[in-house]
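The primary structure of each chain is shown beneath.
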Amino acid sequence: MEKQEYTITLYTENAIGMIGRISGIFSRRKINIESLNTSPSEVEGIHRFTILIHESEEVVRKLCRQIEKQVEVLKAYYNTNEELIWQEQALYKVPTEIIAEKAPVERLLREYGASAVVIRNDYTVFETAGHREEIDRLTSELGKYKLIEFVRGARIAIIKDSAGFHSKLKQFERETPSPEIVENEYLDQQDDVFTM
């Protein structure tokens, strides 16, 4: 099967060690994670992982099924780039004198929608967001003008045809209502029941 970029979106409980357990599933299968982002989701107490990998669909499907076996993982989705709205963020540190003296650098930064974050006498830090190819092109161009430092953030993505995880939870609650609460008859007798 042909390999391509896939973005895996996981909804998990906010539990200690989740990143290690999730990344362990990838490393055991010798799958390289291109980028990994974690953040709170639209549902309080639920975290969202956005993972970018380069694999075949069959491998990604099996991987999602394996990840969903983790107790704290509520759901795993995988999507191609066409099924997502996605961005990556980048920061660039360039000498301030270059920006002041070279008009092409200023035009280049405007062309890519970069905005100044910090301006000092010795350097200026710009930020921009876009697709990886755009960020790579800007990095390459700024390399010609004494780029001091560069860092790119992990991919963030929203699934185009999704009503959000919150609606999935509400749907689940409607379809499988919880049973009536049953009082534990031994609750007030714990010292008698749990003795050694």
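Residue numbers run consecutively from 1 along every chain, following the written order of its sequence. Only residues with pLDDT of at least 70 get local features here, since the model is predicted, and only at 80 or more are side-chain atom pairs given and counted; chain-wide, interface and lining totals rely on the full set of residues. Excluded from the side-chain calculations are hydrogens and water; all other atoms, namely the structure's heavy atoms, are used.

Peer 1: Any chance you could explain a nonpolar patch on the surface here in plain terms?
Peer 2: What goes into a patch is any residue over 30% in relative accessible area without a salt bridge, connected to like charges within 9 Å or, for nonpolar side chains (Val, Leu, Ile, Met, Phe, Trp, Tyr), within 5 Å. The method behind every accessible area is Shrake-Rupley, applied with a 1.4 Å probe, and residues are considered shielded solely by the protein chains displayed. Within this document, salt bridges are pairs made up of a side-chain nitrogen of Lys or Arg and a carboxyl oxygen of Asp or Glu, the two lying within 4 Å of each other. On the surface, Leu91, Val117, Val118 and Val151 cluster together to form a nonpolar patch covering roughly 290 Å² of accessible area. The way it works is that DSSP assigns letters per residue, a run of H or I at least four long becomes a helix, a run of E at least two long becomes a strand, and they are numbered from the N terminus. Along the chain, the position of Val151 falls in strand S8 (residues 149–152).

Peer 1: Hey, could you run me through helix H4 (residues 103–111) in this one?
Peer 2: Residue pairs spaced three or four apart in an α-helix point in one direction, given the helix's 3.6 residues per turn. Where H4 is concerned, the buried positions are Val105, Leu108 and Leu109. The buried residues of H4 all sit within an arc of 95° when viewed along its axis, so they share a single face. Residues of H4 that are exposed and point more than 90 degrees away from the buried face comprise Arg107, Arg110 and Glu111. Any pair of residues with heavy atoms lying within 4.5 Å of one another is described as a contacting pair. In this fold, the buried residues of H4 make contact with helix H3 (96–101), strand S7 (123–130) and helix H5 (132–143). Looking at the residues trailing H4, positive phi occurs at Gly113, about 70°. Partly exposed residues are those whose accessible area sits between 20% and 50% of the maximum for their type, while under 20% is buried and over 50% is exposed, using a 1.4 Å probe and protein chains only. By construction, the arc corresponds to the directions joining the helix axis to the C-beta atoms.

Peer 1: What am I meant to see in the sheet that holds strand S3 (residues 46–55) here?
Peer 2: Across a sheet, strands are paired by hydrogen bonds formed along the backbone, either parallel or antiparallel in direction. Strands qualify as paired when DSSP identifies two bridges or more between them. A sheet is described by the order of its strands in space; here four strands give the open sequence S2-S3-S1-S4, paired in antiparallel fashion. Of all strands in the sheet, those with a lone pairing partner are strand S2 (33–40) and strand S4 (73–79), marking the two edges. Strand-to-strand twist across the sheet, computed as the mean angle between neighbouring axes with direction ignored, equals 15°. The axes used here are C-alpha line fits, helices contributing only the stretch in contact, and every angle between their N-to-C directions lies in the interval 0 to 180 degrees.

Peer 1: Just to check I follow, could you spell out a positive patch on the surface for this structure?
Peer 2: A surface patch of positive charge is lined by Arg28, Arg29, Arg65 and Lys69. If you trace the backbone, Arg65 turns up in helix H2 (residues 57–67). Charge assignment: positive for Lys and Arg, negative for Asp and Glu; neither His nor the chain ends contribute. Where a charge lies is defined by one atom per residue type, namely NZ (Lys), CZ (Arg), CG (Asp) and CD (Glu).

Peer 1: I tried to follow the packing of H4 against H5 on my own but got confused; where do I start?
Peer 2: Helix-helix packing: each pair is described by the crossing angle between the helix axes and the interaxial distance. Axis separation between H4 and H5 bottoms out at 11 Å; the angle between their running directions is 170°. It follows that H4 is roughly antiparallel to H5 by the angle criterion. Only Leu138, Glu141 and Leu142 of H5 make contact with H4, whose side of the interface consists of Val105, Leu108 and Leu109. In the contact of H4 with H5, the residues fall into five nonpolar, no polar and one charged. Should an angle fall under 35 degrees it is called roughly parallel, over 145 degrees roughly antiparallel, and 65 to 115 degrees roughly perpendicular, with every other angle called oblique. Residues are grouped as follows: Ala, Val, Leu, Ile, Met, Phe, Trp, Tyr, Cys and Pro are nonpolar; Asp, Glu, Lys and Arg are charged; every other residue, Gly included, is polar.

Peer 1: Is there a simple way to think about the pairing of strand S1 (residues 4–13) in this case?
Peer 2: Each regular strand carries side chains that alternate between the two faces of the sheet. Within S1, seven of the 10 residues are buried, which leaves it mostly tucked inside the rest of the structure. Note that S1 and S3 share 10 bridges and pair antiparallel. Bridge pairing links Gln4 to Glu55 in S3. Across six bridges, S1 lies against S4 in antiparallel orientation. The residue bridging Ile8 from the neighbouring strand is Tyr78, located in S4.

That is the geometry; function is a separate question.
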